Amino acid sequence: MDAFPQTMYFTGLNAPVGEEVSLTGLAVEGTLPPEVRGSFYRAVPDPAFPPKFANDHTLSGDGMVSRLSFNGDGTADYAIRFVETARHLAEKAAGRARFGKYRNPYTDDADVAGVDRTVANTTPVWHAGRLLMAKEDGRPYRVDPVTLDTLGSYDFGGALKSETMTAHVRIDPVTKELFFYGYEADGLASTKVAYCVVGPDGALKSEQWFDAPYCAMMHDFTISENYALFPIYPTTADLERLKAGGEHWHHEPETVSWLGVMPRYGDVPEIRWFKGPKGVHSYHMMNAWEDADGLLHFDACLNSTNAFAFIREPSGIHIQPWEMQGALTRWTVDPKADGGPETLAVKETVIGPPGDFPVIPAVRQGRPYPHGWMLTMNPELQGPPLPGGPVGAMFNLLLRLDMRGGPPQALALPPLSGFNEPVHVPSATEGHEGWLVTIVDQQIGDDRFLHQAWVLDAANVAAGPVAKVTIPHRLRPQVHGWWVPQAELDAASA
Ligand code: V55
Ligand code: FE
């Protein structure tokens, strides 16, 4: 196309920006807690060129990596750069899009066949002193955490066999190991999943492959102290459809979901499959944990269908956004129960509201957790939400959930404002819940937006921000972010 399509994916807050900037000395208003010292990295999809196809969407945008640094002297710095993926460089060289549909290389220009087509646009992952920009359709790109220079595609020093690595990794707070998987590990529409454990030194310790029950969009997973848990929801891929130039994903309302459970350090033949309901889907899990009886609890932001219209519609699912049902949902299983996939099933309990972008403190990963935070839509909003993001409307209510049954706490935004996913910043003070940092977007005129970073007391989000930084540049909605404390950045560059 000669111009960006005038669809919701490319207009308003979602209008492409594509400028690389570096701004220093931004003023922090309010009282910045001294503990909020470090960098907030964000993955921001932003297409450098109009797409080949008019029905393109947010998930195809070139990855940009952005850094908001809190300097410790009352100022902040902000920078954003493209990840120089092979794909971005190939398109820049031609001055136009050469790669076609989302995750369908059969729709690419012939002369880019074989070029790595990932856009590294989903999560900045920090582990063992390395910053990786990850997207589930390929291997991550390593980026310099200070300059944001792209250092190249990353395969754990040649050790990784999988062609893909998920954007949703889990880090054990005690062992500091990195747990991840790659699906479609050996190619398009494959059922092969690579389950990987990386030591605290960054060395890949194990990579084991297994077959999923079918090729599903496996966006996120969880670990507990003793298990790895792989959810399979029926958003599926088909090689023949891809070869015919179709969409990578169709959602199948009549197909069952599964939860695969294996001992974290076990062998893949030990995976047990528990049946879940038909047709459901979740992008993000809050956590998983084991109780005193050895039962496993798996807490996910579950929806009655796939949350993305660009997946539902080609699947023939025509419903309005408000017809979707969702809830923070717990699946409980007994990992030691007798039986096989014919008899084992999850026990489902609703434990929270609809919404997405669940956040927990890193120290609670895989453990019981007293509080969790997530985003949702405010049912009492007196005015329009802010159009933007991949579903077309930005979340406008931040919730702090008491997982032990106490009342939730909320921070509501006014009409035409939205939250991006917060990151949690730990506190060194015993008993302090820490802080949240989140970018808030507000529409202040026709195609005019105010973008601010808000710092919130995690225990008291309802009080509103304790500190704010206005970022004097157009920001596109982020996908995910990561907080890196200054001490870890200093240690990595030493
Ligand atoms: C998601 C995002 C992606 C993707 C697949 O938010 C799923 C979910 C930004 O890219 O490729
Ligand atoms: Fe995600």
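Residues numbered from 1 in each chain as written. Chains lettered and ligands numbered in written order. Predicted model: local features only at pLDDT ≥ 70, side-chain atom pairs only at ≥ 80, totals over all residues. Heavy atoms only, no water.

Trainee: Can you help me understand the overall build of the protein chain in this one?
Mentor: From N to C terminus, the protein chain includes four helices and 32 strands. Principal-axis analysis of the C-alpha atoms places the extent of the protein chain at approximately 60 × 60 × 50 Å. Considering only contacts within the protein chain whose residues lie at least 6 apart along the sequence, 62% involve residues at least 24 apart. Total accessible area on the protein chain is roughly 18800 Å²; 53% of this is exposed by carbon and sulfur atoms. Charge-centre separation for the protein chain: the mean point of 39 positive side chains lies 1 Å from the mean point of 60 negative side chains. (Helix = DSSP H or I, 4+ residues; strand = E, 2+ residues; numbered from the N terminus. Contact = heavy atoms within 4.5 Å. Areas by Shrake-Rupley, 256 points an atom, 1.4 Å probe, with all protein chains shown as cover. Lys, Arg positive; Asp, Glu negative; His and termini not counted. Charge placed at Lys NZ, Arg CZ, Asp CG, Glu CD.)

Trainee: What is the right way to read the coordination of the iron ion (ligand 2) from this model?
Mentor: Working reference: metal with six octahedral donors, ideal angles 90 or 180 degrees; metal with four tetrahedral donors, ideal angle 109.5 degrees. With distances of 2.0 to 2.1 Å, the protein atoms coordinating the iron ion (ligand 2) are H168 (NE2), H219 (NE2), H284 (NE2) and H480 (NE2). Mapped onto the sequence, the residues coordinating the iron ion (ligand 2) show the spacing H-x50-H-x64-H-x195-H. Here the residue H168 occupies a position in the loop between β8 (150-153) and β9 (170-171), and H284 occupies one in strand β19 (residues 281-290), the gap between them amounting to 116 residues. Of the two residues examined, H168 and H284, each falls in the buried class. (Donors = N, O, S within 2.8 Å, 3.2 Å for Na, K, Ca; no water. Buried < 20%, exposed > 50% of the residue type's maximum accessible area, 1.4 Å probe, protein only.)

Trainee: Hey, could you run me through the packing of aromatic side chains in this one?
Mentor: Any pair of aromatic rings gets described here by the distance separating the centres and the angle formed by the planes. As enumerated under the stated definition, the model contains 19 aromatic pairs in all. Between F221 and F230, the aromatic rings sit 5.5 Å apart at their centres with planes inclined by 25 degrees, giving stacked as the arrangement. The same class applies to F221 and to F230, which are both buried. (Phe/Tyr/Trp six-rings, centres within 6.5 Å; stacked < 30°, edge-to-face > 60°.)

Trainee: Whenever I open this one, the sheet that holds strand β21 (residues 326-333) confuses me. Can you help?
Mentor: To summarise the sheet geometry, strands pair through backbone hydrogen bonds and adopt either a parallel or an antiparallel arrangement. With antiparallel pairing, the four strands of this open sheet are ordered in space as β19-β20-β21-β22. Of all the strands in the sheet, just β19 and β22 (347-350) have a single pairing partner and so form its edges. For this sheet the average axis-to-axis angle between neighbouring strands, irrespective of direction, equals 25 degrees. Where β19 meets strand β20 (residues 296-303), seven bridges bridge the pair, whose relative direction is antiparallel. When the bridges of β20 are listed, H281 appears paired with N303. (Pairing = 2+ DSSP bridges. Axes fitted to C-alpha atoms, helices over the stretch in contact; angles between N-to-C directions.)

Trainee: Explanation requested: the site of ligand 1 in the structure shown.
Mentor: As a structural note, the neighbourhood of ligand 1 is formed by L59, Y102, N121, T122, K135, E136, M217, H219, Y283, F308 and V479. The contact in question runs from an oxygen atom of ligand 1 to an N or O atom on the side chain of Y102, over 2.5 Å. Within the side chain of K135, an N or O atom sits 2.6 Å from an oxygen atom of ligand 1. Protein coverage of the free-state accessible area of ligand 1, which is 300 Å², stands at 97%. When its residues are assigned to classes, the shell around ligand 1 shows six nonpolar, three polar and two charged. (Near = heavy atom within 4 Å. Polar contact = N/O pair within 3.5 Å; in protein donor to acceptor, adjacent residues only side chain to side chain. Nonpolar A, V, L, I, M, F, W, Y, C, P; charged D, E, K, R; others polar.)

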